[in-house]
Structures are given as C-alpha cells and as structure tokens.
Amino acid sequence: MSEHSDLLKRLQELRELSVLGGGKEKIEQQKQKGKLWVRERLDKLLDPGSFVELQWLRVHRSTYFGLDKARFYGDGVITGYGRIDGRLVYVYAQDFTVLGGSIGEAHGEKIAKTIELAVQTGVPVIGLYDSGGARIQEGVAALHGCGKIFNSNVKASGVIPQIAVIMGPCAGAAAYSPALMDFVIVVKGSYMFITGPEVVKAATGVSVTFEQLGGADVHGSISGVAHFVAESEEEAFTIIRRLLSYLPSNCTEEPPYVATEDPVDRRIDELYEIVPLDSMKPFNVKRVIELIVDNGEFLEVHANYAKSAVVGFGRIGGYSVCIVANQPEVNAGVIDIDASNKIARFVRFCDAFNLPIVTLVDTPGFMPGVDQEHGGIIKHGAKILHAYAEATVPKITVVMRKAYGGAYIAMGSLSLNSDINYAWPTAEIAVMGPEGAVRILYRKEMEKAPDPEALFREKLKEYRELFANPYRAAELGYIDDVIDPAQTRKKVYEALVALSTKHAEPTPLRKHSNIPL
Ligand code: HXC
C-alpha cells in the first residue's frame, strides 16, 4: 500500500506541476492583465465537472536556448474533451504562462490530435488562443507543430464546426489556425497579427499600436477576420453556447430542433410600417429578420463588417436556419467586395452543415466604382454565385423590394437552383433600376425631344409598370408566388417543412469545385 501511495504521490506532484503551467507568478501576471487563468476559462466554458484532460504530461524535446532546463508539463496547451449544454465538444486552450503560449512541436501535435479526435468522433472543436506564435527556440520543429495544426484544421473543414476564441495575443503562425476555422470570436483587448508592430515599423516605417494593427474592432469591422467581437471572456463563452445551439455536431447530422411556442402562422403586420413602399427609402432589415424568426432571436455574424449585408442564425418554427439579407439601411443594400465575401462564406458554411438558407432581397446591385473593379468585385461577387449555385440545402428566397441585375441572380435566385422563391407585391425585379434604365434606353430620344423631362417621366411610368413589380417575374416562372408580407413567417415555415426531405442531386464526377478566391 505504501509503495502505491508513493507512486500516487509522484503522479499527484506531476499533476500539480502541470496544472500550474508557467507558475503562480505568471498566473498572477495574467490576472493583472484582466485575463482569466486558462483553467478558469475551461471551467467557465464547459459544463461543470465535464472536462477530461489528455496528454497533460507531454513536454517538448528541444534543448536549445535553455529549453533543456525548462520543462513544462502539458507544453503550454491544455487539451481534451468536455460538454457544453450536455453536448460533447473537443477543446484546446493555450496557456500564455508557459513560454507565452508559443507553439512548439509537442504543443502543435497536441492541438492537431485534439482536432483529429473531434473529426473522428464527429463533434465540434473549440480552440482558445493566447499565443506569441511559433516557439522561436524550437526552430523548424515549432514550424512543424504549427503546420500540423493547420493540416488538421483543413481536414476538419466542413466535417465538424470549428470555433476559435482569441483571448490575448494571437501572433504569427498562431493566427492562421483561427483563420482556417469556421468562426473567430475576438475578446476586446486581444489582438491578432501575422507580423507585429516592430516588424511593421522596420519593414514599412509605419508606427502602429497592437490595437490599431490587429485589435478586436479592427478584425470585427475592417479585416473581417473576426465573426464576433466579445466585450469579455464570459461573453465569448455565451456566444459559443448560442452558436452551437444552432449547429449540428457534424456534417452528417441535422441541426438541433428547438420546439417553440411562437406560432408559425403569426402574421407580421408591422412589416407594412417598417418597409417603405418607395424602394429608394431605407429600412433596417434586422427588424424584419427579428419579426420573422422565433421569439425575435437572431444571432448575427459579422455584425460590424460589410454592413450592407446581414447574415446570421435564427429559428423558424423550431428549425435552425441561416438568414442572408441585404441591408437597405447601409448604402441601399449594395453588394460590395466585403459583402460578397461575407455572404459567400456564410452560405458555404450553412450548406456544409445542413442548415437551410433563407434569403431576403433588397439590393440595387453590385457596387460600382474604380476601387471596387480594381479590387476584383468580379471575382469576389462571383463567390456568391458559386456558393448559392453549389449549395444543396433547402433554399428559400423572399424578394422584398429591389432585385436588380447581377445582384438579383446572386441573391438566391431560382436560376441558381434556389428551391422556393417568393416576392412581396413591392418587389422590383429588373436588369437595372428604372431611372438608369430609361436614361440608357431613351438617351437619343430625350436629346431630341421638345420636353425631355416629360418624355423621361412618361417612359419611367412605362418601365415601372412593366418591371417595377413582381408580376413579370412570376409570369415567367422566376418567382413561385407573390405573398402578403404579413404572411412571410408562415410561408417560409411551410416551405421549410416541404423541403425538409430534399435530397441533393448527384453532381458530375470531380475532385472539388474551384470557387474563385
Ligand atoms: C517563444 C515567446 C514567444 C515566441 C512570446 N514568448 N512569444 N517565446 N516564442 N514566439 C515568451 C516571451 O519571451 C516571454 O517569456 C513570454 O512569452 C511572455 O512574453 P512577453 O513579451 O513578456 O509578453 P507581452 O508583453 O504580453 O507580449 C506578448 C507578445 C510578444 C506581443 C506576443 O511576446 C511578442 O511580440 N512575441 C513575438 C510575436 C511574434 O512575432 N510571433 C511570430 C513568431 S514567428 P518570459 O520567459 O520572459 O516570460 C511565427 C511564424 C510565422 O509564428 C509564420 C507566419 C505565418
């Protein structure tokens, strides 16, 4: 017995060393920065008592730059599995107190193994990042560790949901793993960059702070790297729980169904007030979305990035759905380069995870401009076309007002294999808006006309009668029904039920499609 207790004592000592990571002093420094200790993070993220840690005894092999004397059990990352709202998830959490959370060979391989286990068992993986990047002392072995993580992230892509939370620095190689995952949540005060302020200064002469270079707001509103910005670490965990509630655990499962008391046939008479008849007048599409979904609950993704489009998750009659909408309140709902990337990426995620897509259309078209053309709006806008045409999940579109030109085609049109398309009586479906169209069609006549303004008004009326309504499109079969806006929730719900047994058509043999990137 005493031999056993000696052995167990040794195990206990090693465990304590591993738990303390870089030591009490460094844990204290972490707290002074306003950050939670990595083990507190896991306690707050996971259901109580559910976490099972793996490979906490693992250490690095490198002996350079003093690493022969510094042994950190666990190698600066805690890995394992646990539960969130009862559902199994795999997790890894970098420990900044150990060599700044830097990624060495063992650290990287631990994370890679965690992702691989998540793939094999078909459950989501969540990574908590707090890292100075590739571990400088380990040289190429550190780069290999980073590469192993990226490789696993790529293999997991489209198989299981991958969620990254940035809770401190996320520098260099550390930043590319979140970038390969499905959702990135950045906690305020954290920052992500490939090369830091010092290198930026040396290479370009520009002085910039960590915050200005890669802070939460920069990634949440300018780069689009962050899908969510969280005010605090606790808020980040709430976002994860909300996000997972809409998602299946893997690509072979259906999303969770959550019974609702919100009547599926609830009329939305408020829409008559919210949406102006004049299609040039703005309204906030988020109010429309909140009225359509169950209990007004909408989880917006990329809320501050590319704001002329709105994407996010909701439920209709208990079914998880992806909502994609133009936002008439921002640049009339025009689709620019960033909005193209935002929409296309979201549509592909939803298609990969069996989430039906509900598209609400009110857009004047793709954004004109030299910067947009030079920036490649052609290839970026094409991503939306590719994503919708390729998606095999149920697709339901409601044209609310303007649906002009290429943007009409892009936003879930029947031409791109949408399943059921509705239009409100206020819909205007045409190659372009009335004013522009009349000026092009009647330029010569107006130059010669004694009263050009009268001719313009007459032709405008003619064009509006012909195209500024949904009826030509419905006559030609490009719209399945023109519906009363107040019945939108009911109609979309009925379509979701009708399409719930939809089977994907077989595609010709190919390795994979080649979406324009
Ligand atoms: C080894 C590292 C490290 C790293 C930080 N540390 N980054 N050790 N490799 N990459 C160590 C520090 O030496 C220090 O050790 C401890 O972590 C805490 O770091 P501090 O600098 O004291 O903390 P702080 O002031 O909060 O600054 C954090 C930081 C800074 C901004 C992340 O450490 C930093 O700039 N690190 C380098 C970031 C970077 O350039 N990474 C890219 C690496 S190359 P002690 O013992 O003093 O506590 C890379 C490959 C590029 O990743 C691939 C591109 C795709």
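This section reports on the structure supplied with the text. If you're wondering where the values come from, they're calculated on a predicted model, not measured in any experiment.

## Let's talk about the packing of helix H5 (residues 140–156) against helix H6 (residues 173–180)
Next up, step 1: At a minimum axis distance of 9 Å, the contact between H5 and H6 shows a crossing angle of 5°. Overall, the two elements H5 and H6 adopt an arrangement that is roughly parallel. Of the residues in H6, those touching H5 at Cys146, Ile149, Phe150, Asn153 and Val154 are Ala173, Tyr176, Ser177 and Leu180.
Next up, step 2: Residues belonging to the contact of H5 with H6 are distributed by class as follows: 7 nonpolar, 2 polar and no charged.

## What to know about the side chain of Ser18
Next up, step 1: For Ser18, the location among the structural elements is in helix H1 (residues 2–20).
Next up, step 2: The exposure class of Ser18 is buried, given its relative accessible area of 4%.
Next up, step 3: Here Tyr73 takes part through its backbone oxygen, which lies 3.3 Å from a polar atom of the side chain of Ser18.
Next up, step 4: Those residues in contact with Ser18 that lie beyond four places of it in its chain are Arg39, Trp56, Tyr73 and Gly74.

## Brief notes about the packing of aromatic side chains
Next up, step 1: Here the structure, examined in full by the defined rule, presents 16 aromatic pairs.
Next up, step 2: Consider the rings of Tyr92 and Tyr129, whose centres lie 5.7 Å apart with planes at 85°: the pair is edge-to-face. With a gap of 37 residues between them, Tyr92 in strand E3 (residues 87–94) and Tyr129 in strand E4 (residues 125–131) connect regions that are remote in the sequence.
Next up, step 3: On the basis of relative accessible area, Tyr92 is assigned to the buried category, the value being 0%.
Next up, step 4: Residue classification places Tyr129 among the buried positions, given a relative accessible area of 2%.
Next up, step 5: One aromatic cluster is present, built from ring pairs that chain together Phe183, Phe228, Tyr246, Phe313, Phe346, Phe349 and Phe353.
Next up, step 6: The ring centre of Phe456 lies 4.2 Å from the NZ or CZ of Arg439, which sits over that ring.

## Some words on H5
Next up, step 1: Counted at 1.5 Å a residue, the expected span for H5 with its 17 residues is 24 Å, and the 24 Å between its end C-alpha atoms agrees.
Next up, step 2: The complete set of buried residues in H5 reads Ala142, Gly145, Cys146, Ile149, Ser152, Asn153 and Ala156. In an axial view of H5, the angular spread of the buried residues amounts to 120°, which keeps them on one side of the axis. Residues of H5 that are exposed and point over 90 degrees away from its buried face: Val140, Leu143, Val154 and Lys155.
Next up, step 3: Residues of H5 that are buried in the fold lie against E3, helix H4 (105–121), strand E5 (162–171) and H6.

## Things to note about the nonpolar core
Next up, step 1: Judged by nonpolar contacts, the single largest core of 67 residues is most densely connected at Ile126, Ile240 and Phe313.
Next up, step 2: Dropping the residues within four chain positions of it, Ile126 is found in contact with Leu45, Ile84, Val89, Tyr90, Val91, Tyr92, Ile163, Ile240 and Leu244.
Next up, step 3: Formed by 30 residues, the second largest nonpolar core is a distinct cluster that contains Ile274, Val285, Ile292 and Leu499.

## Some remarks on the site of the ligand
Next up, step 1: If you check the shell around the ligand, you find 19 residues, and the closest are Lys26, Gly100, Gly132, Ala134 and Ala173.
Next up, step 2: One of the backbone nitrogen or oxygen atoms of Gly100 is found 3.1 Å away from an oxygen atom of the ligand.
Next up, step 3: Within the contact set of the ligand, an oxygen atom lies 2.8 Å away from a backbone nitrogen or oxygen of Ala173.
Next up, step 4: When residues of the shell around the ligand are traced back to their parent elements, those giving at least two are E5 and H6.
Next up, step 5: The residue makeup of the shell around the ligand, split by class, is 10 nonpolar, 6 polar and 3 charged.

## Quick look at the state of the cysteines
Next up, step 1: If you walk through the whole model with that rule in mind, you get 1 disulfide.
Next up, step 2: A sulfur-sulfur separation of 2.1 Å characterises the disulfide bridge that pairs Cys322 with Cys350. Handedness of the Cys322-Cys350 disulfide follows from its S-S torsion of about -95°: it is left-handed. With a gap of 28 residues between them, Cys322 in strand E11 (residues 319–326) and Cys350 in helix H13 (residues 337–352) connect regions that are remote in the sequence. A single burial state applies to Cys322 and to Cys350, both of which are buried.
Next up, step 3: In this structure Cys146 is not part of a disulfide, and its nearest cysteine sulfur, from Cys170, lies 11 Å away.
Next up, step 4: The class of Cys146 is buried, set by a relative accessible area of 2%.
Next up, step 5: Note on Cys170: relative accessible area 0%, which makes it buried.

Rules used in this analysis
- Residues numbered from 1 in each chain as written.
- Predicted model: local features only at pLDDT ≥ 70, side-chain atom pairs only at ≥ 80, totals over all residues.
- Heavy atoms only, no water.
- Axes fitted to C-alpha atoms, helices over the stretch in contact; angles between N-to-C directions.
- Helix = DSSP H or I, 4+ residues; strand = E, 2+ residues; numbered from the N terminus.
- Parallel < 35°, antiparallel > 145°, perpendicular 65-115°, else oblique.
- Contact = heavy atoms within 4.5 Å.
- Nonpolar A, V, L, I, M, F, W, Y, C, P; charged D, E, K, R; others polar.
- Buried < 20%, exposed > 50% of the residue type's maximum accessible area, 1.4 Å probe, protein only.
- Polar contact = N/O pair within 3.5 Å; in protein donor to acceptor, adjacent residues only side chain to side chain.
- Phe/Tyr/Trp six-rings, centres within 6.5 Å; stacked < 30°, edge-to-face > 60°.
- Lys NZ or Arg CZ within 6 Å of the ring centre and 35° of its normal.
- Expected span 1.5 Å × (residues − 1).
- Arc of directions from axis to C-beta.
- Core = buried A, V, L, I, M, F, W, Y, C linked by side-chain atoms within 4.5 Å.
- Near = heavy atom within 4 Å.
- Disulfide = S-S within 2.5 Å.

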